[in-house]
Amino acid sequence: MGRKLLFENVQVEGIRGYDVYRREGGYRSVEKALGEMTPDQVTDEVKKSGLRGRGGAGFPTGMKWSFIAKPEGVPRHLVCNADESEPGTFKDRYLMEFLPHLLIEGLIVSSYALGSHVTYIYVRGEYSWVIDILETAIGEAKANGWLGNNILDKGFDLEIYVHRGAGAYICGEETALLESLEGKRGLPRIKPPFPAVKGVWDRPTVVNNVETLAAVVPIILIGGEEYSKIGVGKSTGTKLISACGNINKPGVYEIDMTISVEDFVYSDEYCGGIPKGKKMKACIPGGSSVPILPANLLLKTAKGEKRLMNYESLSDGGFVKGSMLGSGGFIVLDEDQCVVKHTLTLARFYHHESCGQCSPCREGTGWMEKILRNIDTGKGKMSDIDLLWDIQRRIEGNTICPLGDAAAWPVAAAIRHFRDEFEWHVLNPEESQKRNYGLAHYADPLEPAVAAV
Amino acid sequence: MAEEKKLFKVTIDNITVEVEPGTTILNAARRIGGDVAPPAMCYYTTLKGSGGKCRTCLVEVAAGSTADPRPMPKLVASCRTNVMDGMVVKNVTSEKALDARKGIVEFLLINHPLDCPICDQAGECSLQDLSYEHGTEGTRYTFNRRVFEKHDIGPYIQLHMTRCILCYRCVYVADQLTNRREHGILDRGDHSEIATYIHKALENDFIGNVIDVCPVGALTDKTFRFKNRVWFLKPLDAHRDCPRCSGKVTLWNRGEEVFRVTARKDQWGEVKDFICNECRFEKKKTADWVIEGPTRIDRHSVISGNHYVDTVAPKETLPEVMGGRKPKLLMDINQVSEVNRKDIDLSGIQGPAHSVDFEKENS
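In this text, all values refer to a predicted model and were calculated from it rather than measured experimentally.

S.K.: When you look at the sheet that holds strand S3 (residues 58-63) of chain B in this model, what are you seeing that I'm missing?
M.R.: Pairing between the strands of a sheet is mediated by backbone hydrogen bonds and can be parallel or antiparallel. Residue and element names in this part refer to chain B. Pairing within the open sheet is mixed, and its five strands lie in the order S2-S1-S5-S3-S4. Single-partner strands in this sheet number two, and they are strand S2 (15-19) and strand S4 (76-77). Two strands pair when backbone bridges link them, and strand S1 (residues 8-12) and S2 are joined in this way by five bridges, in the antiparallel orientation. Bridging across to S2, Val10 finds its partner in Val17. Strand contacts of helix H2 (residues 25-32): S1, S2, S3, S4 and strand S5 (87-90), with the helix running at about 115° to S2, the strand carrying the most contacts. The strands touched by helix H3 (residues 95-110) within the sheet are S3 and S5, with S3 carrying the most contacts at an inclination of about 165°.

See the structure below:
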């Protein structure tokens, strides 16, 4: 049984409202931070905790906070990235929907640490009901003196505004988000300058994910050191995983990053196994952008060790034999799923969501989708597979923002691990329209690594 | 002086130059010139904020600076990356950069109509130059190309969105040169387009400059469309007293006839002095202008093939062979021809023939 930090009280009835949340010990971290600590001490605690950004990249949050430029007389801003649009990821929605005050509490403490007096929550427009919940919660917090001028008589002012996105995946990229927040087209900016120096309205800005900011609350309450003891290595604390796909119990789970992938998928506490006794074929462990892994490589690393649900273990083996924890969107594919069709779906998504600013991503994503559609409908050629590989290789790393990489990785990984299935589609165009390739050898035990001579 | 010390040393393709801090890698490479300068399709020195989009100028940074000699993990856009002291950059010496560039050219061309034979930009098109230098012969793209409806955007400018490579330069021109921007990018991804949203005419005093900055034939001059090939024209530097702009232009003449007027471009194809619409579209007589002399086209363009200056006409050998007698003509072309005007002796015209010499124009 893993330790719960964020979801400790999520089952308490009425926790969404202020009164219950406060009764269950809410806003204590604000009292502690504003009452006993200086902003630098808050940042130090976060640094000590080893908290890593929960949005996908896993950058250490404390370090990000310490990078923020502090020029005289220029306001600084904290922006909460709630534009959660990655296919397979829905942890932030759950958190905001059921524990809106936890996010607001985290925002108050983080804003205090960063010296932000105007803080924004950028929510994707599709979460329309979540926006209402957040605004109600902000109203309640303000009515009870947690927001506004001179909070707790400590001389700290803070206003939180909710900004509604308009439905673009790209606006989850931090600089595109800032452009969108300013009211412009959501096009990623060219870095440098980084947001910590020139962010929203050219002011120093920190952009953090919802879960990251919520995790600041337990860090302040139990102390950074205590927090860093949970988990293993550089994967400290707890992580929300949104599990979906072919599993018995899809949902959002809080894990402490010490459990193995196998336990996570098959134990009754979490996903509860694959429905109808089927076998797992493949899995995307961290949201649609990260490389897909066949079942055998998912459960065990190339070295034959058990793979754990944390940053290091999932990325063990690099992109050739590993994947990433990413944003925690855990998508499981059972033996009846078709990897080609699945890759096409992702390619279509990235084609649709490419902002069109820089040429490799604008043109390449559409091209990949068209080729994949051909293969999927039985019109593919053998050379198409190599062509796909060449296209993704030339997109990756050559674009302004990581959307190009995110579009290239799933295709690359699918070809790397499931080339047989692509070839089967090309060689059996008629049969591939009637049935799937099936499990094949993708769940076979890995051959033991050959010792280097 | 202390200022002297501030110069940054940067090595590009094993050639070292000293540049002021704040210079981009691209501009440092242009200082060296030749092949070392990466191609740029979207960057435009005079337009603030341009660059970084087309990715053709990607270069490899082998060492970040003297203080931090680690190489940069990814290729960087040289037009938007500033040099550091002791930076080592690889452009044409980097396999990785050349391979990436090849990919970019392919990406830019997969949805380009390749209608160069009927495109007015042919001969002075950056995309044409780029694909000759860095592209491959064939294409691996087997699908339908993206097409757009043509938009009418006023009396002077033709928008042919299908040819556009979305460099955003024309948007920056409208933002930074005119008093109001009336066009922009609509939509997203590969279906995004330059448009005025509701079909609207672009009629700002300086909007004609979008034609000059457009690297391809997406924005062309309506007063010049289909009139002539640029390489048949003779570019001349000329100026006039203009109350609005510098009045410094390039006239594109054939004989006395002014086919079009453009701003003067430097060797990188960039305009330094933008000109107004009156100079560009209304002054189409040689008499309106003070001609300074032929324009020097620096790059190895087809247009330079048309320079008449300092050429020596080949010696006429016929009279010599015939001992001074004139050849007896069996047929007088001027009498038989139905094309040229009877009163004009075609062989008697100095320089090239132009439209007034032909019957069709005058009958």
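S.K.: I'm lost on the sheet that holds strand S6 (residues 151-152) of chain B in this one. Help?
M.R.: Residues and elements named next belong to chain B. Judged by pairing direction, the sheet is antiparallel, and its three strands sit side by side in the order S6-S7-S10 without closing on themselves. In this open sheet, the two edge strands, each paired with only one partner strand, are S6 and strand S10 (219-221). Two strands pair when backbone bridges link them, and strand S7 (residues 157-159) and S10 are joined in this way by three bridges, in the antiparallel orientation. Within S10, the residue paired with Leu159 across the bridge is Leu219.

S.K.: Whenever I open this one, the interface of chain A and chain B confuses me. Can you help?
M.R.: A common way to report how large an interface is uses the accessible area buried once the components associate. Residue-level contacts link 34 residues of chain A with 33 residues of chain B. Between chain A and chain B, a total of about 2900 Å² is buried, with carbon and sulfur atoms accounting for 51% of that surface. At the boundary of chain A and chain B, one finds seven salt bridges. Residue B:Asp99 is joined to A:Arg393 by a salt bridge in which the shortest nitrogen-to-oxygen separation is 2.8 Å. Taken together, the connections running from chain A to chain B amount to 21 residue pairs in polar contact (both at pLDDT 80 or more).

S.K.: Where do I start with the pattern of salt bridges in this structure?
M.R.: Where charged atoms of side chains with opposite charge meet at close range, the side chains can pair. The full count for this structure, using the stated rule, is 53 salt bridges over all chains. Of the charged contacts, one joins A:Glu312 and A:Arg52 as a salt bridge, the two residues approaching to 3.1 Å between their closest N and O atoms. Of this pair, A:Glu312 sits in helix H13 (residues 311-314) while A:Arg52 is found in the loop between helix H3 (39-49) and helix H4 (61-66), placing the two residues 260 residues apart along the sequence. Note on A:Glu312: relative accessible area 33%, which makes it partly exposed. One salt bridge connects A:Lys191 with A:Glu174, and the closest N-O pair in it is separated by 3.7 Å. Here A:Lys191, found in the loop between helix H8 (174-181) and strand S5 (205-209), pairs with A:Glu174, found in helix H8; they are 17 residues apart in sequence, far enough to count as distant. What makes A:Lys191 partly exposed here is its relative accessible area of 31%. Through salt bridges with shared partners, a single ionic network connects A:Asp390, A:Arg393, A:Arg394, B:Asp99, B:Glu106 and B:Arg140.

S.K.: Got a minute to help me understand the nonpolar core in this structure?
M.R.: Inside soluble globular proteins, nonpolar side chains tend to come together where they are buried. All names here are of chain A. Membership of the largest hydrophobic core comes to 175 residues, with the highest contact counts inside it found for Leu103 and Ile121. It is helix H18 (residues 403-427) that contributes the most residues to this core, 10 residues altogether. If sequence neighbours within four positions are ignored, Leu103 has contacts with Cys80, Leu95, Met96, Ile121, Leu134, Val210 and Leu213. The next biggest cluster of nonpolar side chains, apart from the first, holds 26 residues, and it includes Ile274, Leu297, Leu298 and Tyr311.

S.K.: I'm lost on the side chain of A:Asn209 in this one. Help?
M.R.: Tracing the sequence through the fold places A:Asn209 in strand S5. Residue contacts for A:Asn209: discarding those within four places in its chain leaves A:Arg54, A:Gly55, A:Asn81, A:Lys91 and A:Asp92.

S.K.: So what exactly am I meant to see when it comes to the domain arrangement of chain B here?
M.R.: Annotation of chain B at the domain level lists domain 1 (10-102), domain 2 (119-125 + 141-221), domain 3 (230-306) and domain 4 (327-362). Computed over C-alpha atoms only, the centres of domain 2 of chain B and domain 4 of chain B are separated by 41 Å.

S.K.: Quick question: what am I supposed to make of the environment of A:Ser110 here?
M.R.: All names here are of chain A. Turning to its location among the elements, Ser110 is positioned in helix H6 (residues 100-114). A sequence separation of 84 residues divides Ser110 from Gly26, and the C-alpha atoms of the two residues are 16 Å apart. Once residues within four sequence positions are removed from consideration, Ser110 is found in contact with Trp65, Leu78, Leu213 and Val216.

S.K.: Is there a simple way to think about the domain arrangement of chain A in this case?
M.R.: Residue and element names in this part refer to chain A. Each assigned domain of chain A is listed here: domain 1 (18-229), domain 2 (235-334) and domain 3 (339-434). The distance between the C-alpha centroids of domain 2 and domain 3 comes to 23 Å. Of the residues lining the interface, 14 residues belong to domain 2; the matching set on domain 3 comes to 13 residues. Taken over both partners, the interface formed by domain 2 and domain 3 buries close to 1200 Å², and the fraction arising from carbon and sulfur atoms is 69%. Its largest share of buried area at the contact with domain 3, domain 2 owes to Ser289, Ile292 and Phe319, together 40% of the area lost on that side. At the junction of domain 2 with domain 3, the criterion picks out one salt bridge. Where Glu421 meets Lys281, a salt bridge forms, and the shortest distance between an N and an O atom there is 2.9 Å. Put simply, domain 2 and domain 3 have four residue pairs in polar contact (both at pLDDT 80 or more) between them.

S.K.: Can you help me understand the packing of helix H5 (residues 91-98) of chain A against helix H7 (residues 128-143) of chain A in this one?
M.R.: Geometrically, a packed helix pair is captured by the angle between its two axes and the distance between the axes. Residues and elements named next belong to chain A. Contact pair H5 / H7: the axes reach a minimum separation of 9 Å and the direction vectors enclose 40°. Here H5 lies oblique to H7, going by the angle between them. In this structure, H5 meets H7 at a crossing whose hand is left-handed. The residues of H7 that touch H5, namely those facing Arg93, Met96 and Glu97, are Trp129, Val130, Ile133 and Leu134.

Each value, and the rule that gives it
- Residues numbered from 1 in each chain as written.
- Chains lettered and ligands numbered in written order.
- Predicted model: local features only at pLDDT ≥ 70, side-chain atom pairs only at ≥ 80, totals over all residues.
- Heavy atoms only, no water.
- Pairing = 2+ DSSP bridges.
- Helix = DSSP H or I, 4+ residues; strand = E, 2+ residues; numbered from the N terminus.
- Contact = heavy atoms within 4.5 Å.
- Axes fitted to C-alpha atoms, helices over the stretch in contact; angles between N-to-C directions.
- Buried area = accessible area lost by both parts, 1.4 Å probe.
- Salt bridge = Lys/Arg side-chain N within 4 Å of Asp/Glu carboxyl O.
- Polar contact = N/O pair within 3.5 Å; in protein donor to acceptor, adjacent residues only side chain to side chain.
- Buried < 20%, exposed > 50% of the residue type's maximum accessible area, 1.4 Å probe, protein only.
- Core = buried A, V, L, I, M, F, W, Y, C linked by side-chain atoms within 4.5 Å.
- Domains from an automatic or database assignment.
- Parallel < 35°, antiparallel > 145°, perpendicular 65-115°, else oblique.
- Left-handed = near helix turned anticlockwise from the far one by under 90°.

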